[in-house]
Amino acid sequence: MKNLNLRSSSFINYAFGFYTPRREMLEWDLKGETKPIDNPFQIRAMKKGVRMEKVGIAKWCSLNNEIPNYILNDQQSFKQEDWLNLRKKETISLSTTPDGISQDSSTIIEVKTTKMGKKVFDDFPKQYLAQIYGQMWIVGNLTRGKVKRAHLVNISTEATKIWQIEWNQKFINYLIGLLEQYSLALLNEDPSMLEESKKDIEKYPGDLKKEKSIKLIHWEKYHEC
């Protein structure tokens, strides 16, 4: 029996094969295993990101004069069971654990670091779109549509950038289609059902710039005393 869960942090691979090809991801999921992370730099970067998360949350709190829900040790995993509504013994669920959610549930908060927390991204990092829109969609479904946007907090020792990502149904529908394709391939144990998508998120048929769903709302550079 397969009752498997797809995590939003890996949506970039499930949908686009960005870091790990889709068919390779499928093989790992079919084995019930997670691809090991054995790159020392990547391991250090992940640990640094965990340590910097509290700084990013603190910055968001100070800018919004609010302490969000489900932060740090109180993070909550949101899971959408049997998301394809197959009502069978073998099911697929989707889950996400945001770094925080505003008190009115309208805003998802996700904190990211760059280059060991030393730099911020020059432009919006599109590789996080699948995770962020996945988070918005899952939590939105479970909170009866309260989610309207997400804030990507890019924190470093030199600056902080915060991008606001508005709900974009067109991109969400596109993501849902790719996740459905992956889920059905997983249930059927058939890698041939998967198209190997381009790594570039630009395969999205819309135009994110024209849709104006992403904008930089805060950029603060720090100065040495």
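Further up the page is the structure itself.
Everything numeric in this text was worked out from a predicted model, so none of it was measured.

(A) Representation of the sheet that holds strand β1 (residues 3-7) in the model. Read from one edge to the other, the open sheet built from three strands follows the order β1-β3-β2, with strand pairing classed as mixed. Sheet topology places β1 and β2 (78-80) at the edges, where each strand pairs with a single neighbour. On average, each strand axis in the sheet is tilted by 30° relative to the strand beside it, whichever way the strands run. Inspection of the sheet shows β1 paired to strand β3 (residues 91-96) by five bridges, in the parallel sense. Bridging from a neighbouring strand, L4 pairs with I92 of β3. Across the sheet, helix α4 (residues 129-142) is in contact with β2 and β3; its angle to β2 comes to roughly 80°.

(B) Layout of the packing of aromatic side chains. Across all of its chains, the model carries twelve aromatic pairs by this definition. Considering the side-chain rings of F124 and W163, the 5.7 Å spacing of their centres and the 80° angle between planes classify their relative orientation as edge-to-face. Note that F124 is positioned in the loop between β5 (107-113) and α4 and W163 in strand β7 (residues 159-166), a separation of 39 residues in sequence. Residues F171 and Y174 carry aromatic rings whose centres are separated by 6.1 Å and whose planes lie at 75° to one another, so their mutual orientation is edge-to-face. In this pair, F171 and Y174 are both assigned in helix α5 (residues 169-187), three residues apart and thus about one turn of the helix distant. A relative accessible area of 18% means that Y174 is categorised as buried. Cation over ring: K31 sits above W28, and NZ or CZ is 4.0 Å from the ring centre. Sitting above the plane of the W219 ring, K161 keeps its charged end 4.2 Å from the centroid.

Calculation rules
- Residues numbered from 1 in each chain as written.
- Predicted model: local features only at pLDDT ≥ 70, side-chain atom pairs only at ≥ 80, totals over all residues.
- Heavy atoms only, no water.
- Pairing = 2+ DSSP bridges.
- Helix = DSSP H or I, 4+ residues; strand = E, 2+ residues; numbered from the N terminus.
- Axes fitted to C-alpha atoms, helices over the stretch in contact; angles between N-to-C directions.
- Contact = heavy atoms within 4.5 Å.
- Phe/Tyr/Trp six-rings, centres within 6.5 Å; stacked < 30°, edge-to-face > 60°.
- Buried < 20%, exposed > 50% of the residue type's maximum accessible area, 1.4 Å probe, protein only.
- Lys NZ or Arg CZ within 6 Å of the ring centre and 35° of its normal.

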